[in-house]
Amino acid sequence: MADSNTQTVASGKVVSVHYTLTNDAGEVLDTSSGHPPMDYLHGAGNIVPGLEQALGGRRPGDKFDVVVAAADGYGERMGPGPQPVPRSAFPKGVEIEVGTQFMAEEPGGEPVPLWVTKVESNTIHVDQNHPLAGVDLRFNVEIIAIRDATAEEKKHGHPHGPGDHHHH
């Protein structure tokens, strides 16, 4: 197996990165700072396409900034926007807060992700757009390590933790 420091980011590699995501105003939206690095399987669609493309060919120790246009991140905003749904349509006892994601079924039976945008006493507002849809994403990234993915990781389409532990 090649030394992690000589490998480059390519399809079929598990890549460990530290990152900070900010918006145009410089507000931190997400970060791995203070946590273990984030691992992803390059080429498997584990991260937004624009960031994955910017990581290709890089090496451990590389530090860089990249702006990912909304279209190459979580996409442009589409559809009618937030829609009200009666609270009674949600299971009793389930905690619902702004930002919660859940899966619903379209009339044809296709699953569709929805995000909660507003919570009222009798109404929950949901949107099919990811909260960061329509937003240009600014990443500060450091590549920590690169390794070959295992056959099982490639089959599952995501990296597994130490000792090949994973959650499905």
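The shown structure was predicted, so the numbers you read here are calculated from the model rather than taken from an experiment. (Residues numbered from 1 in each chain as written. Predicted model: local features only at pLDDT ≥ 70, side-chain atom pairs only at ≥ 80, totals over all residues. Heavy atoms only, no water.)

## Some details on the pattern of salt bridges
This model, assessed by the stated rule, comprises 5 salt bridges. In this structure, the salt-bridge partner of lysine 118 is glutamate 120, at a minimum N-O distance of 3.4 Å. Judged by relative accessible area, lysine 118 falls into the partly exposed class, the value being 41%. Between glutamate 153 and arginine 147 there is a salt bridge, and its shortest N-O distance comes to 2.7 Å. Using a relative accessible area of 1% as the deciding quantity, one classes glutamate 153 as buried. (Salt bridge = Lys/Arg side-chain N within 4 Å of Asp/Glu carboxyl O. Buried < 20%, exposed > 50% of the residue type's maximum accessible area, 1.4 Å probe, protein only.)

## Here's the deal with the side chain of serine 16
Relative to the helices and strands, serine 16 is located in strand β1 (residues 13-22). Under the relative-accessibility criterion, serine 16 is labelled buried at 13%. A distance of 2.4 Å separates polar atoms of two side chains, one belonging to serine 16 and the other to aspartate 39. Those residues in contact with serine 16, other than ones at most four positions away along the chain, are Pro37, Met38, Asp39, Glu142, Ile143, Ile144 and Ala145. (Helix = DSSP H or I, 4+ residues; strand = E, 2+ residues; numbered from the N terminus. Polar contact = N/O pair within 3.5 Å; in protein donor to acceptor, adjacent residues only side chain to side chain. Contact = heavy atoms within 4.5 Å.)

## Concerning the sheet that holds strand β7 (residues 111-119)
Strand order in this open sheet of 4 strands is β5-β8-β7-β6, and the pairing throughout is antiparallel. Two strands close off the open sheet at either side, each with one partner strand: β5 (83-86) and β6 (101-105). Each strand axis lies, on average, 50° off the axis of its neighbour in the sheet, ignoring direction. Bridge count for β7 against strand β8 (residues 123-127) is 4 bridges, and the pairing is antiparallel. Residue lysine 118 lies in a different strand from β8, and its bridge partner there is histidine 125. (Pairing = 2+ DSSP bridges. Axes fitted to C-alpha atoms, helices over the stretch in contact; angles between N-to-C directions.)

## A word on the nonpolar core
Leu51, Leu55, Phe139, Val141 and Ile143 are the most contacted members of the largest nonpolar core, which has 20 residues in total. When residues of this core are traced back to their parent elements, those giving at least two are β1, α1 (49-55), β4 (63-68) and β9 (137-148). Looking at this core element by element, the count peaks at 5 residues for β9. In this structure, leucine 55 is in contact with Val9, Val17, Tyr40, His42, Ile47, Phe64, Val141 and Ile143, ignoring residues within four places of it in sequence. Within the second largest apolar cluster, 6 residues are counted, among which are Ile96, Leu114, Val116 and Val126. (Core = buried A, V, L, I, M, F, W, Y, C linked by side-chain atoms within 4.5 Å.)

## Notes on the confidence of the model for the protein
Reading fine detail from the predicted coordinates is not recommended where pLDDT is low. Per-residue confidence for the protein gives a mean pLDDT of 91, with 93% of residues at or over 70. Throughout residues 164-168 the model reports pLDDT below 50, and contacts reaching past four residues in sequence, or to other chains, amount to 11 contacts. (pLDDT = per-residue confidence, 0-100.)

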